[in-house]
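A structural walkthrough
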Amino acid sequence: MPRTDFTEQLRLRLTELGCPIAHLRRLVQEVADHHEDLKQAALSEGLSEANAEARANVQLGDPLALAEHLMVALRRSSWWGRHFLIGFCVLPLLAVPVLWALLLFLGLSLEFALGYGWDWKKLNVAADNPVAFHHLAIAVHGADYVAIALATLLFCWLARRSVVSVRWMLTSCVICSLYALFFWATIKPHHFALGITWTPQWIRAVIPLLIAGAIYVFQRRTTQCFQERVAV
Amino acid sequence: MLTSIMVIGIIAVMKKTNPSFLNGVPELLVLRLLAAREMYGYQIVEEIRTRTGEALSFGEGCIYPYLHYLEAEKQVSSQRREVEGRNRNYYKLTARGRKRLEELTTEWKRVTTGVTQLMGVQHA
């Protein structure tokens, strides 16, 4: 397939707009095929090569505008792309506690499998046993940290999948981070508490930001590598 | 699902006066065409243009995200093949797409019957 200026401009604009590479490759390939079909149709009508190329370009329109149309259409093809405010601002607030509860339940089930949990007498005995309590504390705090990381990864993946702009991915990460900063869960012998604290939990808050940063850098590098490879 | 995406591809070409009840029409047209035979993007655009007497048309190139959406919904499947020296992505209807086409066709007939009746009464 000849790489025309049209498809090159389209590819560059789609890359700039943050189109995932898998989508980008396929879209550019199909639009290039379409361009070639339009050109062949013009040639079959007796137009010269240059005129056929020009007519195909006119029929497909401005490649930059087409790239934007394609991105809008891609975004609107998923629920997350159509409802990004709910999806990336509100749902992260709900996802973290739900994931946390789920993981805690799984953790406590594991504790139960190991011989503790679900039996208050055993739990009371375990609370007085430093080794057993340590296991319980690891389950509670582990679930907490893993839930924050999982929720962040989930929303980053959803943002990427629904082709929304990077700022929505970062927004969901910041919301997860703010949640982690002020939401508080602690366990002590014979005492478990949940709530909001005004003492920021910096370590927990850093987890989503680190994940967001890593994903952002990874995406940038992947895009740059793709650009370089295509340019060659 | 009659989603707003269907309008995106055609807004560039369709008249500005197209009312919102045309939502879902592109889905019906694409599925109907693919029910007859497998086709590639350019063919679909051309068929819609010619067979509707140019009353309806997808914006050139805008059909692809829409086809990808239908593929994600498992209503169509695609395969890249070489035919007559040209490599293209061919789309064909799946069983789910066929079922969806039946639903849309029933809905479309219901709506057009209602509109035709109303118009008939008005003209009587």
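Residues numbered from 1 in each chain as written. Chains lettered and ligands numbered in written order. Predicted model: local features only at pLDDT ≥ 70, side-chain atom pairs only at ≥ 80, totals over all residues.

1. Considering the overall build of chain A
From N to C terminus, chain A includes 10 helices and two strands. Counting helices and strands in the order they occur from the N terminus, chain A gives α-α-α-α-α-α-α-α-α-β-β-α. Among the 232 residues that make up chain A, the fraction classed as buried is 34%. When contacts within chain A are restricted to residue pairs at least 6 apart in sequence, those whose partners lie at least 24 apart make up 69%. (Helix = DSSP H or I, 4+ residues; strand = E, 2+ residues; numbered from the N terminus. Buried ≥ 20, exposed ≤ 12 C-beta atoms within 10 Å, placed from the backbone. Contact = placed C-beta atoms within 7 Å.)

2. Overview of the overall build of chain B
A count of helices and strands for chain B gives five helices and two strands. From first element to last, N terminus to C terminus, chain B shows the α and β order α-α-α-α-β-β-α. Expressed as a percentage of contacts within chain B between residues at least 6 apart in sequence, the contacts between residues at least 24 apart total 53%.

3. Some details on helix α2 (residues 25-36) of chain B
With 12 residues, α2 of chain B extends 17 Å between its outermost C-alpha atoms, agreeing within 8% with the 16 Å of an ideal straight helix rising 1.5 Å per residue. Of all the positions in α2 of chain B, only Pro26, Glu27, Leu29, Val30, Leu31 and Leu34 of chain B are classed as buried. (Expected span 1.5 Å × (residues − 1).)

4. Side note on helix α8 (residues 130-161) of chain A
Residue and element names in this part refer to chain A. Across its 32 residues, α8 extends 45 Å between first and last C-alpha, which sits within 8% of the 46 Å expected from 1.5 Å per residue. Of the residues making up α8, those classed as buried are Leu136, Ala139, Ala143, Asp144, Ala147, Ile148, Ala151, Thr152, Phe155, Cys156, Leu158 and Ala159. Following α8 by one or two positions, valine 163 adopts a phi angle in the positive range, close to 60°.

5. Quick notes on the interface of chain A and chain B
The partner chain B presents 17 residues to the 17 residues of chain A that form the contact. Only α2 (21-44), α3 (49-60) and α4 (63-76) of chain A provide two or more residues apiece to the side of chain A that touches chain B. The leading source of residues in the side of chain A that touches chain B is α4 of chain A, at seven residues. Taken together, the residues of the side of chain A that touches chain B sort by class into eight nonpolar, five polar and four charged. (Nonpolar A, V, L, I, M, F, W, Y, C, P; charged D, E, K, R; others polar.)

6. Details of the nonpolar core
Counting 71 residues, the largest nonpolar core has Leu14, Leu70, Val96, Cys156, Ala159 and Cys176 of chain A together with Ile63 of chain B as its most contacted members. By residue number, the principal contributor to this core is α8 of chain A, which donates 10 residues. Two domains each donate at least three residues to this core, and these are domain 1 (5-77) and domain 2 (80-223) of chain A. (Core = buried A, V, L, I, M, F, W, Y, C linked by C-beta atoms within 7 Å. Domains from an automatic or database assignment.)

7. Some points on the environment of alanine 126 of chain A
With respect to the element layout, alanine 126 of chain A can be found in helix α7 (residues 120-128). Separated by 63 residues in the primary sequence, alanine 126 of chain A and proline 189 of chain A place their C-alpha atoms 8.7 Å from one another.

8. Some remarks on the pairing of strand β2 (residues 86-93) of chain B
In regular strands, side chains alternate between the two faces of the sheet. Across eight bridges, the pairing between strand β1 (residues 76-83) of chain B and β2 of chain B is antiparallel. Its bridge partner lying in β2 of chain B, glutamate 82 of chain B is registered against asparagine 87 of chain B. (Pairing = 2+ DSSP bridges.)

9. Some points on the confidence of the model for chain B
All names here are of chain B. In this model, chain B carries a mean pLDDT of 80, and residues with pLDDT of at least 70 account for 78%. Ignoring residues within four places in sequence, the model shows residues 1-20, a span with pLDDT below 50, making 38 contacts including any to other chains. Complex prediction metrics read pTM 0.69 and ipTM 0.75. (pLDDT = per-residue confidence, 0-100.)

10. So, the pairing of strand β1 (residues 183-188) of chain A
All names here are of chain A. As judged from the six bridges shared by β1 and strand β2 (residues 191-196), these two strands associate in the antiparallel manner. Considered in β2, the bridge of tryptophan 184 is made with glycine 195. The turn joining β1 and β2, which pair antiparallel and follow one another in sequence, is formed by two residues; a positive phi near 65° is taken by histidine 190.

11. Thoughts on the environment of leucine 31 of chain B
Residues and elements named next belong to chain B. Tracing the sequence through the fold places leucine 31 in helix α2. Linking leucine 31 and threonine 105, residues 74 residues apart in sequence, is a C-alpha distance of 10.0 Å. Every residue in contact with leucine 31, bar those within four places of it in the chain, is listed here: Gln75, Leu93, Gly97, Arg100, Leu101 and Leu104.

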